[in-house]
There are 2 protein chains.
Amino acid sequence: MQEILLARRVDGQITAADFEARETAGPSESHDGLVGTRTTHISLDPYLALRMRKGIPDAGNGPPYPIVGRTIGEVMEPGASDFRRGDHVLGFGRWASEDWRLAADLRKVDLDAAPPEAHLGIAGHSGFTAWLGVRLAGLRSGECFVVSGAAGAVGSVAGQLAKRSGCRVVGIAGGREKASWVVEALGFDACIDHRRPDFAEALAASLPGGADIHFENVGAAMLDPMLGLMKRRGRMMLCGLMQHYQNADPVALRNFRAILERSIRIEPFSIYDHEELASTARNELIAEVGAGGLRFKCSTTHGLDHVPEAFVAMLEGRGIGKHIAVVG
Amino acid sequence: MQEILLARRVDGQITAADFEARETAGPSESHDGLVGTRTTHISLDPYLALRMRKGIPDAGNGPPYPIVGRTIGEVMEPGASDFRRGDHVLGFGRWASEDWRLAADLRKVDLDAAPPEAHLGIAGHSGFTAWLGVRLAGLRSGECFVVSGAAGAVGSVAGQLAKRSGCRVVGIAGGREKASWVVEALGFDACIDHRRPDFAEALAASLPGGADIHFENVGAAMLDPMLGLMKRRGRMMLCGLMQHYQNADPVALRNFRAILERSIRIEPFSIYDHEELASTARNELIAEVGAGGLRFKCSTTHGLDHVPEAFVAMLEGRGIGKHIAVVG
């Protein structure tokens, strides 16, 4: 079978040259009882970059290192499971054309209810992350909600959910195309392109009374100006720090003092601490997507060979919405 | 009357040369109805440095600028109030030998229940700050509690209160004398001198399982190593950033990423948001001090002329406990 592996732990920026494609071993007797799948979709997520860095503990299985992220596959061999040949299942899997896993680590997805990209994106872990952050923030109608990475898989959903809670929603996104999409297609009240030379001034102008809640996906370079625009006793939901994943050097926060001066609560959260809410979130999100109440977009790549460059493009902020590779 | 004023807004480190003593105007007819007091005690607090910096909005009354902090005075002229000559009252007042204020801005203190330094310190705003932070942290018995500025007016009380909640308490303080006092007199389980060359290693060794709660009084240079020693889902009560007050340049936080990676909630708090709890806190703290359940120490200076140097010494971390000037 074909597999994409990480050729080496990376110190600086991750590039497509850090990956290699190989023919790796197919099923053997040790796969007995496991579910054999043919990979159809691979989810490309910023957090994967964290595990590609130097200094990450090594399980002793590389280089080259297998890469494990969320995938959807079609069941070819049900093994000892209740799955049936042709079922589509979602779970953590390798960047490979095939996979063998424990049935308990897989979940059947209903492709009649939503397409595969929705199961990995808006109704998957990206959507759940947005749903959870908005829920934990305890939004009140009329509050001002800011989200960075507003055109991304998480930010685009978070902003729409905040809008439905009655908030005024301002996005931050990289590039005019993204900013336009967020306002015109998703209904945000405003979206500021952080590549504008007058970004800080434009952001301040879009928040005349300051922000009640900030939903952070990017990191220190976005946070520093944002901290100065929070209302007193504002809340910052810390979801991701994409900028810090792609840079080996930690990005320092210069405006830290504002956290005390404005009494801004910083609340990091993780879906892994709230797995009991996952199916509630999934059902709500699938229903909303079906009813047309939530919109999403994907940046899709075709072919396993193109996964490394698609992954790097995602890290660099290219493309809109959820990044997916269709490989089957 | 004699008064200490700020000669100029300060850009770098605040020094005693930034202050000047002057003979200023005494009472006039415009003082009619105000309470006239003779200042007996001045509270020296880090937050006052914030208002001495360049860039602070100017009310149009300087230079030189009057300095207003917490003081205790003896009532000389009750004016239109219910106070009686000889009562001792606490309120915001000038660094001056006398003062005239509205009765509504003053509170009578009972010197039979506790001495003046306790009313300004452990049973005053310093103690209330410690009490509030410990209360908001929601301590559970057996948790590990770390406090920086452990020998200071707030940290020394916070650590004792955490100890009474059943926590294991580790302090961080500047110098061996402070660290010894915190362990021997206050009963902390450990206290690490941050001036030790091996500070980070010693702190890590004192926290084998990591910290559940960190109570921060100092700022980024303490916080950076501490963030790496927090347990997952730890809580950081952000009380003060003394280091940032004394430096004109904000101190950057380098280890910000750890906040997300360990899911550490950052919770700034201020006594001004919880004034409804002030008298409860005060009564509890006075009772504890009277019963010998809480200990405190003061660094006391005598004479109004010596207030500037005592204030600078406090900012530089010299002296133990609450800093007070006795001026009456």
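Worth saying up front: this structure is predicted, and the values here are computed from it rather than measured.

### Digging into the overall build of chain A
No. 1: Helices and strands together make up the secondary structure of chain A, namely 10 helices and 16 strands.
No. 2: By the compact-globule yardstick of 20 Å for 328 residues, chain A fits well, its C-alpha radius of gyration being 20 Å.
No. 3: Its C-alpha atoms give chain A principal-axis dimensions of about 65 × 45 × 35 Å.
No. 4: In chain A, of all internal contacts separated by at least 6 residues, the share reaching a separation of at least 24 is 67%.

### Notes on the relation of the copies chain A and chain B
No. 1: With an axial shift of 0.0 Å and an RMSD of 0.0 Å, the rotation relating chain A to chain B amounts to 180°. The operation mapping one copy onto its partner corresponds to a two-fold rotation axis.
No. 2: Both copies contact each other with a shared surface, as 100% of the interface residues of chain A are interface residues in chain B too.

### Looking at the interface of chain A and chain B
No. 1: The interface of chain A with chain B comprises 22 residues on the first partner and 22 residues on the second.
No. 2: Those elements giving two or more residues to the side of chain A that touches chain B turn out to be α8 (257-261) and β14 (265-268) of chain A.
No. 3: Within the side of chain A that touches chain B, the residues separate by chemical class into 13 nonpolar, four polar and five charged.

### Some points on the environment of A:P268
No. 1: Mapped onto the elements of the fold, A:P268 is located in strand β14.
No. 2: Along the backbone, A:P268 and A:C239 are 29 residues apart, and their C-alpha atoms lie at a distance of 6.0 Å.
No. 3: Here A:P268 is in contact with A:L238, B:I259, B:L260, B:S263, B:I264 and B:R265, once residues within four sequence places are set aside.

### Observations concerning the pairing of strand β3 (residues 35-44) of chain B
Residue and element names in this part refer to chain B.
No. 1: Counting buried residues in β3 gives seven out of 10 residues, a clear majority hidden from the surface.
No. 2: Across four bridges, β3 lies against strand β7 (residues 98-101) in antiparallel orientation. Residue pairing across strands places T37 opposite D99, the latter belonging to β7.
No. 3: Relative to strand β5 (residues 68-77), β3 runs antiparallel, the two being bridged by six bridges. In the sheet register, G36 faces β5, and the bridge partner there is E77.
No. 4: Relative to strand β16 (residues 322-326), β3 runs antiparallel, the two sharing four bridges. If you follow L44 over to β16, its bridge partner there is H323.

### Looking at the environment of A:I192
All names here are of chain A.
No. 1: One can find I192 in strand β11 (residues 190-193).
No. 2: Linking I192 and L136, residues 56 residues apart in sequence, is a C-alpha distance of 25 Å.
No. 3: Once you skip the residues sitting within four places of it in the chain, I192 turns out to touch I172, A179, F199, A202, L203 and S206.

### Quick look at the sheet that holds strand β1 (residues 2-6) of chain B
Residue and element names in this part refer to chain B.
No. 1: Spatially, β2-β1-β4 is the arrangement adopted by the three strands of the open sheet, whose pairing is antiparallel. In this open sheet, the two edge strands, each paired with only one partner strand, are β2 (19-23) and β4 (65-66).
No. 2: Relative to β2, β1 is paired through five bridges, and the arrangement is antiparallel. Bridging across to β2, I4 finds its partner in A21.

### Overview of the domain arrangement of chain A
All names here are of chain A.
No. 1: You can read the domains of chain A as domain 1 (2-121 + 297-326) and domain 2 (125-272).
No. 2: Each of domain 1 and domain 2 has a C-alpha centre, and these two points are 29 Å apart.
No. 3: In this complex, domain 1 contributes 16 residues to the contact, which on the side of domain 2 involves 14 residues.
No. 4: The residue makeup of the side of domain 1 that touches domain 2, split by class, is seven nonpolar, five polar and four charged.

### Considerations on the sheet that holds strand β2 (residues 19-23) of chain A
No. 1: Reading across the sheet, the three strands line up as β2-β1-β4 (chain A) and stay open at both edges, with antiparallel pairing between neighbours. In this open sheet, the two strands that pair with only one neighbour each are β2 and β4 (65-66) of chain A.

### Side note on helix α2 (residues 125-137) of chain B
One turn of the α-helix equals 3.6 residues, which is why residues spaced by three or four share an orientation.
Residues and elements named next belong to chain B.
No. 1: The end-to-end C-alpha distance of α2 is 18 Å, a good match for the 18 Å that 13 residues give at a rise of 1.5 Å each.
No. 2: Counting buried positions along α2 yields 11 of 13 residues, so the element is predominantly enclosed.
No. 3: Three or more residues of α2 are buried, namely H125, S126, G127, F128, T129, A130, W131, L132, G133, V134 and A137.
No. 4: Summarising the contacts, the buried residues of α2 are in contact with β5, α3 (155-164), β12 (211-216), β13 (230-238), α9 (278-290) and β16.

### What about the packing of α2(B) against α3(B)?
Residue and element names in this part refer to chain B.
No. 1: Across the interface, α2 lies against α3 with an axial gap of 8 Å and an inter-helix angle of 40°. On the basis of the axis angle, α2 is oblique to α3. For the pair α2 and α3, the crossing hand works out as right-handed. Mapping the contact onto sequence places S126, G127, A130, W131, G133 and V134 in α2 and V157, A158, L161 and A162 in α3.
No. 2: Counted by class, the contact of α2 with α3 contains seven nonpolar, three polar and no charged residues.

### Quick notes on the packing of α2(B) against α9(B)
Residues and elements named next belong to chain B.
No. 1: Interhelical geometry of α2 versus α9 gives an angle of 105° and a closest axis separation of 9 Å. The orientation of α2 with respect to α9, classified from their angle, is roughly perpendicular. Of the residues in α9, those touching α2 at G127, F128, W131 and L132 are A278, A281, R282 and L285.

### With respect to unusual backbone geometry
Residues and elements named next belong to chain A.
No. 1: In this structure, S263 is a non-glycine residue whose phi angle is positive, near 55°.
No. 2: As for its position among the elements, S263 is in the loop between α8 and β14.
No. 3: Owing to 19 C-beta atoms within 10 Å, S263 belongs among the partly exposed residues under this scheme.

### Here's the deal with helix α10 (residues 307-315) of chain A
All names here are of chain A.
No. 1: Of all nine residues making up α10, seven are buried, and the element is well covered by its neighbours.
No. 2: Within α10, the full set of buried residues consists of V307, P308, A310, F311, V312, M314 and L315.
No. 3: Of the residues flanking the end of α10, it is G317, one or two places downstream, whose phi is positive at about 85°.

### Notes on the pairing of strand β10 (residues 168-173) of chain A
Residues and elements named next belong to chain A.
No. 1: Most of β10 is tucked away, with six of its six residues classed as buried.
No. 2: Residues of β10 alternate between two faces, with R168, V170 and I172 on one and V169, G171 and A173 on the opposite face, all of them buried.
No. 3: For strand β9 (residues 144-148) and β10, the ladder comprises five bridges, and the chain directions are parallel. Note that in β10 the partner of V147 across the bridge is G171.
No. 4: As a crossover connection, the stretch from β9 through helix α3 (residues 155-164) into β10 is right-handed.
No. 5: Both β10 and β11 contribute to a ladder of four bridges, which runs parallel. Note that in β11 the partner of V170 across the bridge is A190.
No. 6: Where the polypeptide runs from β10 across helix α4 (residues 176-184) and back to β11, its parallel neighbour, the crossover connection is right-handed.

Analysis parameters
- Residues numbered from 1 in each chain as written.
- Chains lettered and ligands numbered in written order.
- Predicted model: local features only at pLDDT ≥ 70, side-chain atom pairs only at ≥ 80, totals over all residues.
- Helix = DSSP H or I, 4+ residues; strand = E, 2+ residues; numbered from the N terminus.
- Rg over C-alpha atoms; globule rule 2.2 N^0.38 Å.
- Contact = placed C-beta atoms within 7 Å.
- Least-squares fit on C-alpha atoms with pLDDT ≥ 70 in both.
- Nonpolar A, V, L, I, M, F, W, Y, C, P; charged D, E, K, R; others polar.
- Buried ≥ 20, exposed ≤ 12 C-beta atoms within 10 Å, placed from the backbone.
- Pairing = 2+ DSSP bridges.
- Domains from an automatic or database assignment.
- Expected span 1.5 Å × (residues − 1).
- Axes fitted to C-alpha atoms, helices over the stretch in contact; angles between N-to-C directions.
- Parallel < 35°, antiparallel > 145°, perpendicular 65-115°, else oblique.
- Left-handed = near helix turned anticlockwise from the far one by under 90°.
- Right-handed = clockwise from strand over helix to strand, strands pointing away.

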